[in-house]
Amino acid sequence: MGRHVAIVGCGQTDHKSRRSDVNGREMIYEAVSRALSDAEMTIRDVDAVVIGNMDHFESINYVDTWSVEGSGGIMKPIMKVTTGGTTGTSVAMAGYYHVASGLFDRVLTIGWEKNSESDTTAAIVTCSDPVWDRFSYSGAIPSLATEATAYMERYGATQEEAALVAVRDRGHALNNPHAHLRKAVTLKEVMESPMLAYPIKLLDVCPRTDGACAVVFAADGVAQKLVPRPAWIRSCAVRHTFTWFGDSTDYQKGLVSLQRAGREAYRNAGITEPARELDVAELYLPYTWAGLKWIEDLGFCGPGEGPRFVADGHTDMDGTIPVNPSGGVISTNCIGATALLRVAEAAVQIMGRGEARQVPDARLALATGFGGCFWSDVMILGAERG
Amino acid sequence: MEPIAITGVSQTPYRERMIDKTAYDLVYEVTRDALADAGLGIHDIDNVITVSNDFVDGRTISSMAVGEAAGAHDKNISTVEGDGAFGAFYGAMRALSGFDTTLVVAHGKGSEGDMGLITNAMFDPVYQRHLGIDALTAAALQADVYMTRYGLTEEDFAEVSVKNHQNARNNPLAHLPLDITVSDVMKSERLSDPIKRLDCSPISDGAAAIIISTGRASSRSRTRPIWIRGVAHCSDAYFPGDRNLADSPALRRAAKRAYAMAGITNPLKNIDVVELYDAFSYMEPLWLEGMGFSEPGSGARLLKDGVTRMDGILPVNPSGGVLSAHALMVAGLSRIVECVLQLRGEAREHQVPGAETALAQGINGPCGQSHCVWILSVNQ
């Protein structure tokens, strides 16, 4: 069996829509140097590097070999892991398995994206089959719009209820100095923002961001010596269930991949009542309806109860389970880094380094990743080694 | 390291242009065949690593296309983008972390893309890319540096091509089995001085898969387990101009670590067969030096002395190597598959008699910037 593994340092860039002051490697360096400093390490202490992004956003092939001057991977083992939107959690889990295997003691993981250099949607639509799927139902928005309308139809949820998720996350971002969109929005502003694909409006969805995130994983025995309160990985679960968008969601069942990954992660971490036992959740919510529906799939509340759960303040900073103290994906979305930011933010909470966005005494945290063809990744982090 | 083993392997034939098969078809076939080889069903697989590249596949999230074909529905899956030897290493890490039975599958359909543009995209977009540099021209620079530094000749490299294409004649899966002479290589079209057409690997379509089992799970497979005794990877600097291209310190370091894990003290004595990543003919002697089989600059002597021939003490690339079949992303995994077949004694016409320990290599990036070295053995 694998060793226990903990996160001992996190770093992220100052996210913006366009970081014209740095190139990709410099941006990666910014996150890496901050993560190493957070872990009180130097690059010499790093045994291996894992990096991920989505190739076609920057049009760089072999990003692992290209990035060594920013990542510090020269004369070290490097590996690239990439799975679309879930890249960040895939990278985090690769870091975890590097260490759990017993082969490496300290592993640096990096997710990054310089979206300003790309045409994001033009690149994303090529994820689906060129003959069958690409011209009908591809890209980020159409399938999410379908999911949202199906949810509204089934449970009578309203656009206003969804808009509250944006109001919450954008409000939380005011406490996060790294967040991209640090301006609160009102319900009225969300409702009046331009319609992109019914019922999704501009302020219901995530932005495109330039940014990078780096997280250092360390082995049991090493981690405790580096930081006073490491964030232990308690479980990882992955469901990249589908290849075809037409298969990807049974709108009557909800987000099946998240339900299954969540159940497995809870079981392995010994969690039976997630909303009560978890202290904080950093969820990959790329649009507002996910903030209603996916918390049901994660078992925070029952089917159809998401709107009430959110409206009643259960997911606010002082609620039963604060969701996205960082401001979440709706405030910052550097795609290859986005899911790793969820893991990093969950670790920051456990390590007690959240400053203005800290949930007091967070001991058990949930991070998720979403991407590809309605895929889900779940990681649970804790103050106890387990 | 806890004992882990490769208990199932498969690969497709490598061919120029498989117009009758999609990438999903190739992945499905090797998944099915690796399971059949191991005597397992898809339900015995508890996690999957796919290997793909968005540039080669011409689509973003290229992993999305093949998850279903790899039987990963409802399983824990991840994707390494790079050579299959690296993907297999991630699979090995997961086996060591507690997964019982890991499937690793790689595919490459180079025929669907423009390899010049695809490999041009690995160079710096600001300083290098517009010069038109690609895998071929960068390799030519490396070959030139290597020749100049050690007084090697184009004929030295041509010998490698002759040997490996000859070996490929004993491997029905190879793309380019050829009966050629040094003179044929020398007379072949000069693509990027000093590299000629017959110094280059072909662009092949194909796929490969392996199954990695923990020691306790290995008995469920019907095959003789081939044990993973050492595996390590390492990367050099990025800009070719920052590197000593006539040496491969990253390979040296990866090999040293893999040897230490496997208890190898004298590689030439302890290793019986090598399957290395000879994308171009000059790479074979250069990588052999990096692996410590000879002193710097004397890798070509190994072939002159007959050491690396089929009847030598260290046959190199009995399959015909990458020079004879090069499906991008697959080639390093194919080296591992070939080593497993050698160690099981199932390599048929290209079998090295009595092979007990084998080395497989994969590379990533320009001029072999990043290397992955595997030591496999019949002994646990």
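Anything mentioned here points back to the structure above.
Going along each chain's sequence as written, the residues are numbered from 1 onward. To label them, take the chains in the order written and letter them from A, then take the ligands in the order written and number them from 1. Whole-chain, interface and lining totals are the exception, using all residues; otherwise, since this is a predicted model, local features are given only for residues with pLDDT of at least 70 and side-chain atom pairs are given and counted only at 80 or more. Only hydrogens and water are removed before side-chain values are computed, so all heavy atoms of the structure are retained for them.

1. Here's the deal with the packing of helix H8 (residues 159-173) of chain A against helix H14 (residues 288-297) of chain A
Packed helices, taken two at a time, are described by the angle between their axes plus the distance between the axes.
Residues and elements named next belong to chain A.
Item 1. Put simply, H8 and H14 touch, their axes get as near as 6 Å, and they point 95 degrees apart. Relative to H14, the element H8 lies roughly perpendicular. Residue-level contacts link Gln159, Glu161, Ala162, Val165 and Ala166 of H8 to Thr288, Trp289, Gly291 and Leu292 of H14.
Item 2. In this classification, Asp, Glu, Lys and Arg are treated as charged, Ala, Val, Leu, Ile, Met, Phe, Trp, Tyr, Cys and Pro as nonpolar, and every other residue, Gly included, as polar. Split by residue class, the contact of H8 with H14 holds 5 nonpolar, 3 polar and 1 charged. Axes here refer to lines fitted to C-alpha atoms; in helices the fit is confined to the stretch in contact. Angles between the N-to-C directions go from 0 to 180 degrees. The helix count covers DSSP runs of H or I at least four residues long, the strand count covers runs of E at least two residues long, and both are numbered beginning at the N terminus. Here is the rule for angles: anything less than 35 degrees is roughly parallel, anything more than 145 is roughly antiparallel, 65 through 115 is roughly perpendicular, and the remaining ranges are oblique. Throughout, a contact is declared for two residues whenever any of their heavy atoms are within 4.5 Å.

2. A look at the pattern of salt bridges
Item 1. Salt bridges, as used here, are contacts in which a Lys or Arg side-chain nitrogen is within 4 Å of a carboxyl oxygen on Asp or Glu. Going through the model one piece at a time under the given rule, you end up with 47 salt bridges over all chains.
Item 2. Salt-bridge contacts for aspartate 156 of chain B lead to lysine 304 of chain B; the nearest nitrogen and oxygen are separated by 2.4 Å. Taken together, the residues aspartate 156 of chain B in helix H6 (residues 154-168) and lysine 304 of chain B in helix H11 (residues 299-304) connect sequence positions 148 residues apart.
Item 3. Classification of residues uses two cut-offs on accessible area relative to the type maximum, computed with a 1.4 Å probe and protein chains only: under 20% is buried, over 50% is exposed, and between them is partly exposed. Given the relative accessible area of 11%, aspartate 156 of chain B is considered buried.
Item 4. Note that aspartate 305 of chain B and arginine 301 of chain B form a salt bridge whose closest N and O atoms lie 2.9 Å from each other.
Item 5. For arginine 301 of chain B, a relative accessible area of 45% corresponds to the partly exposed category.
Item 6. When salt bridges with common partners are traced through the structure, they connect Asp14, Arg19, Asp21, Glu30 and Arg34 of chain A into a single cluster.

3. Structural notes on the nonpolar core
Item 1. Among buried residues, the Ala, Val, Leu, Ile, Met, Phe, Trp, Tyr and Cys ones that are joined through side-chain atoms within 4.5 Å form a nonpolar core. By size, the foremost hydrophobic cluster in this structure holds 203 residues, and its most contacted members are Ile336 and Trp374 of chain B.
Item 2. For this core, the leading source of residues is helix H17 (residues 335-351) of chain A, giving 10 residues.
Item 3. Excluding residues within four positions of it along the chain, tryptophan 374 of chain B makes contact with Ile6, Ala85, Ala88, Phe89, Ala92, Ile228, Gly230, Val231, Ile336, Ala358, Leu359 and Ala360 of chain B.
Item 4. Within the second largest apolar cluster, 58 residues are counted, among which are Val205, Ala265, Ile335 and Phe370 of chain A.

4. Some thoughts on the environment of asparagine 270 of chain B
Residue and element names in this part refer to chain B.
Item 1. Relative to the helices and strands, asparagine 270 resides in helix H9 (residues 267-270).
Item 2. Among the residues examined, asparagine 270 registers a relative accessible area of 28% and is labelled partly exposed.
Item 3. For the pair formed by asparagine 270 and leucine 314, sequence separation is 44 residues and the distance between their alpha carbons is 9.8 Å.
Item 4. Residues in contact with asparagine 270, not counting those within four places in the same chain, are Ile264, Thr265 and Thr357.

5. Some words on the side chain of threonine 332 of chain A
Item 1. Note on placement: threonine 332 of chain A falls in the loop between helix H16 (328-331) and H17.
Item 2. The class for threonine 332 of chain A is buried, based on a relative accessible area of 5%.

6. A closer look at helix H5 (residues 135-150) of chain B
Residues and elements named next belong to chain B.
Item 1. Multiply 1.5 Å by the residue count of a helix minus one, and that product is the helix's expected span. Its 16 residues give H5 an end-to-end C-alpha distance of 22 Å, which sits within 8% of 22 Å, the value for a rise of 1.5 Å per residue.
Item 2. Among the residues of H5, those classed as buried are Ala138, Ala139, Ala140, Gln142, Ala143, Tyr146 and Met147.
Item 3. On its buried side, H5 packs onto H6, strand S5 (190-192), strand S6 (195-196), helix H10 (283-290) and H11.
Item 4. Side-chain atoms alone can form a polar contact between residues adjacent in sequence; in general such a contact is a pair of N or O atoms within 3.5 Å, and within protein one must be able to donate a hydrogen while the other accepts it. You can read the cap of H5 off the contacts: a side-chain oxygen lies 3.1 Å from the backbone nitrogen of leucine 136, and it is on aspartate 134.
Item 5. Count one or two residues on from H5 and you reach glycine 151, which has phi positive near 65 degrees.

7. Section: the packing of aromatic side chains
Item 1. Pairing of aromatic rings covers Phe, Tyr and the six-membered ring of Trp, with a centre-to-centre limit of 6.5 Å; geometry is then stacked below 30 degrees between planes, edge-to-face above 60, and tilted otherwise. Tallied over the full model, the rule gives 18 aromatic pairs over all chains.
Item 2. Ring centres of tyrosine 96 of chain A and tyrosine 97 of chain A lie 5.0 Å apart, and the angle between their planes is 65 degrees; this geometry places the pair in the edge-to-face category. Both residues of the pair, tyrosine 96 of chain A and tyrosine 97 of chain A, count as buried.
Item 3. With a centroid separation of 6.3 Å and 55 degrees between ring planes, the pair formed by tyrosine 284 of chain A and phenylalanine 370 of chain A is classed as tilted. Of this pair, tyrosine 284 of chain A sits in the loop between strand S9 (280-282) and H14 while phenylalanine 370 of chain A sits in strand S10 (residues 364-371), and the two are 86 residues apart along the sequence. Pair check on accessibility: tyrosine 284 of chain A and phenylalanine 370 of chain A agree, each one buried.
Item 4. Linked through ring pairs, Tyr284, Tyr287, Trp289, Trp294, Phe370 and Phe374 of chain A together constitute an aromatic cluster.
Item 5. Ring-over charges, as used throughout, are those where CZ of Arg or NZ of Lys falls within 6 Å of the ring centre and within 35 degrees of the ring normal. Across from the ring centre of tyrosine 90 of chain B, 5.0 Å away, lies the NZ or CZ of arginine 94 of chain B, which sits over that ring.

8. Remarks on the sheet that holds strand S9 (residues 273-275) of chain B
Residues and elements named next belong to chain B.
Item 1. Strands are labelled as partners when DSSP assigns at least two bridges between them. Ordered by their spatial adjacency, 9 strands build an open sheet running S3-S2-S4-S7-S1-S8-S11-S10-S9, and the pairing between neighbours is mixed. Each edge of the open sheet is held by one strand with a lone partner, namely strand S3 (76-80) and S9. The sheet shows a mean angle of 25 degrees between the axes of neighbouring strands, taken without regard to direction.
Item 2. As paired elements, strand S10 (residues 357-364) and strand S11 (residues 370-377) share 8 bridges and run antiparallel to each other. Directly across from alanine 360, in S11, lies its bridge partner tryptophan 374.
Item 3. Contacts from helix H13 (residues 331-344) reach strand S1 (4-11), strand S4 (101-109), strand S7 (205-214), strand S8 (226-235), S9, S10 and S11, with the element oriented near 110 degrees to S1.

9. Notes on the environment of leucine 278 of chain A
All names here are of chain A.
Item 1. By the element assignment, leucine 278 lies in the loop between helix H13 (274-277) and S9.
Item 2. Along the chain, leucine 278 and methionine 27 lie 251 residues apart, while their C-alpha atoms are 33 Å from each other.
Item 3. If near-sequence neighbours (up to four positions away) are discounted, leucine 278 is found in contact with Tyr266, Ile271, Phe300, Thr320, Ile321, Leu364, Ala365 and Leu366.

10. Here's the deal with the sheet that holds S10 of chain A
Residue and element names in this part refer to chain A.
Item 1. What the 9 strands build is an open sheet, ordered S3-S2-S4-S7-S1-S8-S11-S10-S9; its pairing is mixed. Both edges of this open sheet fall to strand S3 (78-80) and S9, since each of them pairs with a single strand only. Taken pair by pair, the neighbouring strands of this sheet meet at an average axis angle of 25 degrees, ignoring direction.

From the geometry alone we can't say anything about function, so treat these as descriptive.
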